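Read off the chains here:
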Amino acid sequence: MADFSDLLVFTKLDELIKFARKNSLWPMPMGISCCAIEMMAFAGPRFDVSRFGSEAFRFSPRQSDLMIVAGTVTYKMSHVVRKIYDQMPDPKWVIAMGACTSSGGMYRSYSVVQGIDQFIPVDVYVAGCPPRPDNLLKGLMEIQKKIARGEKPGQKEKIYIEETFQV
Amino acid sequence: MNQRIVEKLQSHFADSIVSVNEFREELTIVIKKNDIVKVCQFLRDDDELKFDSLRDVCGADYYRPEGRFEVVYNLYSLKNKFRMRLKVRVEEENVHVPSVTCVWQSADWAEREAYDMFGIIFDNHPDLRRIYMPEGFEYHPLRKEFPLMGIPGSLPLPRKN
Ligand code: SF4
């Protein structure tokens, strides 16, 4: 028999579940326009989201618990976004990636929803047009912190990730 | 080439031409609305001109009392590598225009776009539905009187929770 005595770690079940959830967020990539390209970079080898246990981009809402809305959401598209959100199992988190998703961005027009928080609860807003992939990583880490703190999704206090510039 | 096109059209359709305009070597011919199919057919089939490609059909709203809308046809001849532009004027009270889908298949979606955005109705179009806006939307967003930010409540959002 192997000796497990120095491998055992004692924790509360609650903490264990939080730890597991935090490090296995599976994103549902809701890539609608140009921001989606940055989201792909975020999953790619250079920025490598798999360091955070989120490498499994599942194109199926039933296997995802983090929706990254990346792109310009029109009124016509909003119903699809909501439907996919509804199909994700609880607890589910939402990152609004980019200016368009968060506020309509430069599209002050009849066709574009001026912020997806008008129809789904958002946890983290990432600024930029498009945001850098590392900023999106920061958004993901904020979600992880929220999970670690035991918060529920869609709470009042939102997290806003500012734009960073690299020369 | 411009000269040749105008000559040919004038000899065949003298009555259908409203105006001919040349600006910086671009040719624009305004045609009477009901003759558009005829003229298009001729331009496509004529062996010398061969305008075999319809590059775009678009609407325009000038917001004037007469001939408020225009439908613009951008033609291209692969044989001559040459472009020209046809226009028809459309009155606000009668927004019907004959469809040119029977001449060029490519008119299908382009005309749907003009219908969606300006409310111009293309008669004999095989499938005149909205293309950008949702089915059941009642306005035409590129008309000048439509507010840029839209009409509140005209496009429903999903429920919030
Ligand atoms: S925020 Fe900018 S990059 Fe992102 S979808 Fe909008 S226009 Fe594209």
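Data block above holds the structure.
Values in this document were obtained by computation on a predicted structure and should not be read as measured data.

Cut-offs used in this document
- The written sequence of each chain sets the order in which its residues are numbered from 1.
- Whichever chain is written first becomes A and whichever ligand is written first becomes 1, with later ones labelled in order.
- Totals for whole chains, interfaces and linings use every residue, but because this is a predicted model, local features are given only for residues with pLDDT of at least 70 and side-chain atom pairs only at 80 or more, for both listing and counting.
- Values reported for side chains reflect all heavy atoms of the structure, with hydrogen atoms and water molecules removed beforehand.
- Contacts were defined at the residue level, with two residues in contact if any of their heavy atoms lie within 4.5 Å.
- Reported buried area values correspond to the accessible surface (1.4 Å probe) lost by two parts on association, with both partners' losses combined.
- A side-chain nitrogen of Lys or Arg and a carboxyl oxygen of Asp or Glu constitute a salt bridge if their distance falls within 4 Å.
- Charged means Asp, Glu, Lys or Arg here, nonpolar means Ala, Val, Leu, Ile, Met, Phe, Trp, Tyr, Cys or Pro, and polar covers whatever is left, Gly included.
- Distances are taken per atom, and a residue is near a molecule or strand as soon as one of its heavy atoms is within 4 Å of it.
- By definition, two strands form a pair when at least two bridges between them are found by DSSP.
- Secondary structure is summarised from DSSP: a helix means a run of H or I of at least four residues, a strand means a run of E of at least two, and numbering begins at the N terminus for each.
- What counts as an axis is a line fitted to C-alpha atoms, over the stretch in contact for a helix, and the angles between N-to-C directions run from 0 to 180 degrees.
- In this analysis, the expected span of each helix is defined as 1.5 Å times one less than the number of residues it contains.
- The buried label applies to any residue whose accessible area, calculated with a 1.4 Å probe on protein chains only, is under 20% of its type's maximum; exposed applies above 50%, and partly exposed to all values in between.
- Oblique is the label for any angle not covered by the other classes, which are roughly parallel (under 35 degrees), roughly antiparallel (over 145) and roughly perpendicular (65 to 115).
- Whether two aromatic rings pair depends on their centres lying within 6.5 Å, for rings of Phe, Tyr and Trp, where Trp uses its six-membered ring; planes under 30 degrees apart make the pair stacked, over 60 edge-to-face, and the rest tilted.

(A) Here's a closer look at the interface of chain B and chain A. Contact residues are listed per partner, giving 17 residues for chain B and 15 residues for chain A. Across the interface of chain B and chain A, roughly 1500 Å² is buried in total on both sides, 63% from carbon and sulfur atoms. When residues of chain B are sorted by the area they lose upon contact with chain A, M149, L157 and P158 of chain B head the list and together hold 38% of the total. In this structure, the connection of chain B to chain A is made through 0 salt bridges. Looking at side-chain class alone, the side of chain B that touches chain A contains 13 nonpolar, 2 polar and 2 charged residues.

(B) Focus on the site of the ligand. The full set of residues close to the ligand is S33, C34, C35, G71, T72, A99, C100, M106, G128, C129 and P130 of chain A. Of the residues belonging to the shell around the ligand, the class tally is 7 nonpolar, 4 polar and no charged.

(C) Region of the structure containing the sheet that holds strand β5 (residues 159–161) of chain A. All names here are of chain A. Spatially, β1-β2-β3-β4-β5 is the arrangement adopted by the 5 strands of the open sheet, whose pairing is parallel. Strands at the two margins of the open sheet, each flanked by one partner only, are β1 (27–31) and β5. Each strand of the sheet is rotated relative to its neighbour by a mean of 15°, with strand direction disregarded. Judged from the 3 bridges that link them, strand β4 (residues 124–126) and β5 form a sheet pairing that is parallel.

(D) Local environment of the pairing of strand β5 (residues 82–90) of chain B. Residues and elements named next belong to chain B. Judged from the 4 bridges that link them, strand β2 (residues 26–31) and β5 form a sheet pairing that is parallel. The residue bridging I29 from the neighbouring strand is L86, located in β5. The sheet contact formed by strand β4 (residues 69–77) and β5 spans 9 bridges and is antiparallel. By the bridge assignment for β5, S77 is matched with F82. Hairpin geometry of β4 and β5 is characterised by an intervening segment of 4 residues between the two adjacent antiparallel strands and by a positive phi of about 50° at K81.

(E) Geometry of helix α5 (residues 133–148) of chain A. With 16 residues, α5 of chain A ought to run about 22 Å at 1.5 Å a step, and its terminal C-alpha atoms sit 23 Å apart, in line with that. Of the residues making up α5 of chain A, those classed as buried are P133, N135, L136, L137, G139, L140, E142, I143, Q144, K146 and I147 of chain A.

(F) Spatial organisation of the packing of helix α1 (residues 13–22) of chain A against α5 of chain A. Residues and elements named next belong to chain A. For the pair α1 and α5, the least separation of the axes is 9 Å and the interaxial angle reads 170°. When the axis of α1 is compared with that of α5, the two are roughly antiparallel. Here K18, R21 and K22 of α1 lie close against α5, whose contacting residues are Q144, I147 and A148.

(G) The arrangement of the packing of aromatic side chains in detail. Counted by the stated rule, this structure contains 7 aromatic pairs over all chains. Judged by centre distance (5.4 Å) and plane angle (90°), the rings of Y110 of chain A and F146 of chain B are edge-to-face. Here Y110 of chain A, found in the loop between α4 (98–103) and β4, pairs with F146 of chain B, found in the segment after β7 (121–123), and the two come from separate chains. Comparing Y110 of chain A with F146 of chain B shows no difference in burial state: the two are buried. The interplanar angle of 10° and the centroid separation of 5.1 Å between the aromatic rings of Y125 of chain A and Y160 of chain A together place this pair among those described as stacked. Residue Y125 of chain A is located in strand β4, and its partner Y160 of chain A is located in strand β5; the two are separated by 35 residues in the primary sequence.

(H) Expanded view of the sheet that holds β5 of chain B. All names here are of chain B. Strand order in the open sheet made by the 5 strands is β1-β2-β5-β4-β3, with mixed pairing throughout. At either margin of the open sheet sits one strand with a lone partner, and together these are β1 (17–23) and β3 (53–61). Here the strands of the sheet are splayed against their neighbours by 20° on average, with no regard to which way each runs. The pairing of β1 with β2 spans 6 bridges and is antiparallel.

(I) Structural detail: the environment of I84 of chain A. Residues and elements named next belong to chain A. One can find I84 in helix α3 (residues 75–87). In this structure I84 comes out as buried when scored by relative accessible area, which is 17%. The spatial distance from the C-alpha of I84 to the C-alpha of L66 is 11 Å, given a sequence separation of 18 residues. Apart from the residues lying within four places of it in its own chain, the contact partners of I84 are M28, M30, P61 and M67.

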